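In case you want the letters, here they are:
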Amino acid sequence: MPDTSLRRAVYTAIGVLILCVMLFPVYWMVNASLQPSGNTLTAGFLPLDPTFAGYRRALSEQGQNLVTSVIIAAGTVVLCLLVSAPCAYALSQFRSRWVGIGLLAILVSQMIPGIVIANALYTAYERLGLLNSIPGLIVANCSSGIPFAILILRSFMLSLPPSLVEAARVDGAGLFRAFVAIVLPISKNSLITAGLFTFLFSWSDFLFALTLTTKGGVRPVTLGIYQYLGTQVQNWNAVMATAVLSAIPAIVLLVAAQKYIAAGAIGGAVK
Amino acid sequence: MVHAPTLTPTTEKSGPEPARRSRWRHHRGEDLTKVLFVLPAALAMLALFGYPVLKNLMMSLQDYGLRTFFTGQAPWVGLRNYTAVVKDQLFSQAMVNTALFTIGSIAFQFAAGLALALFFRRRFPLGGLLRSLLLLPWLLPLIVSSATWRSILEQDSGILNRTLTGLGIIDDPVPWLNSPSVALIAVIGVNIWIGIPFNVTLLYAGLAEIPDELYEAGQLDGATGWRAFRYITWPNLRAVASVLLVLGVVYTIKVLDIILGLTGGGPANATQTLATQSYERSFIDFKFGEGAALSNILIAISLVFAVLYLRATRRAIDE
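Computed from a prediction, not measured in an experiment: that's the story for all the values here. (Residues numbered from 1 in each chain as written. Chains lettered and ligands numbered in written order. Predicted model: local features only at pLDDT ≥ 70, side-chain atom pairs only at ≥ 80, totals over all residues. Heavy atoms only, no water.)

Concerning the nonpolar core
Part 1 of the reasoning: With 173 residues, the main nonpolar core has Y89, I146, I150, M157 and L212 of chain A together with F120 of chain B as its most contacted residues.
Part 2 of the reasoning: Built from parts of two domains, this core gets at least three residues from each of domain 1 (1-52) and domain 2 (88-318) of chain B.
Part 3 of the reasoning: Not counting the four nearest positions on each side in its chain, L212 of chain A is found in contact with A118, L121, Y122, Y125, L131, N132, L137 and A140 of chain A. (Core = buried A, V, L, I, M, F, W, Y, C linked by side-chain atoms within 4.5 Å. Buried < 20%, exposed > 50% of the residue type's maximum accessible area, 1.4 Å probe, protein only. Domains from an automatic or database assignment. Contact = heavy atoms within 4.5 Å.)

Let's talk about the pattern of salt bridges
Part 1 of the reasoning: Within this structure, the stated rule accounts for three salt bridges over all chains.
Part 2 of the reasoning: A salt bridge links R57 of chain A to E61 of chain A, with the nearest nitrogen and oxygen atoms 3.2 Å apart. With a gap of four residues between them, R57 of chain A and E61 of chain A both fall in helix α2 (residues 53-93), about one helical turn apart.
Part 3 of the reasoning: Classification of R57 of chain A by relative accessible area gives partly exposed; the value is 35%.
Part 4 of the reasoning: Connected through salt bridges with shared partners, the residues D88, R281 and E290 of chain B form a single ionic network. (Salt bridge = Lys/Arg side-chain N within 4 Å of Asp/Glu carboxyl O. Helix = DSSP H or I, 4+ residues; strand = E, 2+ residues; numbered from the N terminus.)

A short note on the interface of chain A and chain B
Part 1 of the reasoning: Counting residues at the interface gives 97 residues for chain A, matched by 94 residues for chain B.
Part 2 of the reasoning: Interface area, chain A with chain B, both sides summed: about 8,400 Å², of which 77% is carbon and sulfur.
Part 3 of the reasoning: Counting across the interface, chain A meets chain B through eleven residue pairs in polar contact (both at pLDDT 80 or more).
Part 4 of the reasoning: With 15 residues, helix α1 (residues 2-33) of chain A is the largest single contributor of residues to the side of chain A that touches chain B.
Part 5 of the reasoning: Considering only residue class, the side of chain A that touches chain B consists of 72 nonpolar, 17 polar and eight charged. (Buried area = accessible area lost by both parts, 1.4 Å probe. Polar contact = N/O pair within 3.5 Å; in protein donor to acceptor, adjacent residues only side chain to side chain. Nonpolar A, V, L, I, M, F, W, Y, C, P; charged D, E, K, R; others polar.)

Observations concerning the side chain of S132 of chain B
Part 1 of the reasoning: Mapped onto the elements, S132 of chain B comes out in helix α6 (residues 127-133).
Part 2 of the reasoning: Taking the relative accessible area as the measure of exposure, S132 of chain B reaches 12% and is therefore buried.
Part 3 of the reasoning: Not counting residues up to four positions away in its chain, the partners in contact with S132 of chain B are L254 and Q258 of chain A.

Examining unusual backbone geometry
Part 1 of the reasoning: Notably, N132 of chain A is not glycine yet its phi reads approximately 55 degrees, a positive angle.
Part 2 of the reasoning: On the secondary structure map, N132 of chain A appears in the loop between α4 (114-128) and α5 (134-157).
Part 3 of the reasoning: In this structure N132 of chain A comes out as buried when scored by relative accessible area, which is 17%.
Part 4 of the reasoning: Phi is positive for N269 of chain B, which is not a glycine, with a value near 60 degrees.
Part 5 of the reasoning: Within the secondary structure layout, N269 of chain B lies in the loop between α13 (257-262) and α14 (274-284).
Part 6 of the reasoning: The exposure class of N269 of chain B is partly exposed, given its relative accessible area of 29%.

Looking at the packing of helix α6 (residues 162-170) of chain A against helix α7 (residues 175-186) of chain A
Packed helices, taken two at a time, are described by their axes: the angle between them and the distance between them.
Residue and element names in this part refer to chain A.
Part 1 of the reasoning: α7 packs onto α6 with a crossing angle of 140 degrees between their chain directions and a minimal axis gap of 9 Å. Of the possible angle classes, the one that applies to α6 and α7 is oblique. Note that α6 runs across α7; the crossing there is right-handed. Here L164, V165, A168 and R169 of α6 lie close against α7, whose contacting residues are L175, A178, I182, V183 and I186.
Part 2 of the reasoning: Here the residues of the contact of α6 with α7 are counted per class, giving eight nonpolar, no polar and one charged. (Axes fitted to C-alpha atoms, helices over the stretch in contact; angles between N-to-C directions. Parallel < 35°, antiparallel > 145°, perpendicular 65-115°, else oblique. Left-handed = near helix turned anticlockwise from the far one by under 90°.)

By themselves, these are just geometric observations and shouldn't be taken as functional.
Rendered as structure tokens:
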């Protein structure tokens, strides 16, 4: 037995080492964000003399953008779940030849590059006055959220027995009432998974932020970082502090909702 | 809901026998409700995917430029946009870069992902926790990763060059993102880093599906180590692997954020791909017709892989 436990300890050590290598850039981002201001990166491996100057600057320059990103991401979650949940239920429980067509459409939609959507939405938004607007970006971000949310929710709802809803139907509830009162509460976990991922997709969006805004009014934080990166970076600590702040949703998601993530990754890809 | 009694019920969609009679009465209203379940999503998909694809097809056949936004006129020009972008001297370079970027990214993501997935299949303390923390690079906004790697790869003061010179591996700092000869390699490297976690997760799930009995039986026949991988693991992992590889192509071929964040297509167009070119035509040069033509070429390439993808996933969908 000591032999296997020793071997296991070695595996754990190797695992920690792999993780350290893979997550080094993330550590470096945090480290660099705590360094004094400047356009060079003379930071040592440890922030021995940490300063929050980068964060102060990031918050004063990018605070508004962070708020914009939160609003857009939250709006995308609400819109995506409202649209996706009934559809996912239909695709999992209704028997119709349209189910296959719907699924095919969702899969094909994954092949369409974001730039194609940006091209078309730009010309449409220009006419509709939706450029530089939060609703415009929310709708655009739904292009990544809705197909994903439908697939995630459907893969869960497939496991719901039809008898569940039938019982309520016998009591006279309409299909929609039964859906709201029974299916949605039971699907809570998958709704959380879909919502978390949709939030993250929308929060991470850069392409639509870049193409569907033309002036400073509405500027998500991803665009703020991009503009920081410009040609010559002047304040690495502020850039990195903004990067850290923008990474918070991902980190929160990973720590708080760990069990949902692998489910999301697998559900969205394979099904 | 419409309560229209009907004497000619069509095919009953679902439901157990006892509920039938009462449901016939509701049938027409019920069908309407069912349509309403799908309608918002159907409209959203049409607006967000159907319309853009059609619009791009049309724009690619039009002289759709800056003037169009003022005059509203976009004259038809046939295939001239396509010939213009294909004849452009950047096109062949963008094609080669797209191919190198896609193949290089996927080959290494997959290989590293498989190695790590196999490693984490060995049960050891903290294995699950370490594996889930490994997902972080995949969850970060791409522009955050780009910014971070910009600082790491910075030529004069970036930590990578400082470390490599400190260790005596290189004499002069490598211009990772500033030299046309290494920029593409650096960009591919960053994309590999981003893609590994996803590959690990899917391959790990695929490995977990392989029943232990197969290995136990294999052991009796002397299939251990490499032979076990060759004759048990790999054949059983093929379905997941093919989905993953094709999905990887479809996603990687259209990558834009990372390249824009790291190099913006430079230096000297060394990291231009079809996607970055399409972006530049549309949103820098305001030649939407040419941008659309390029993105349609991108879709056409993806479509080839889409067929493979659908064939690979059909089993998973049908269930």
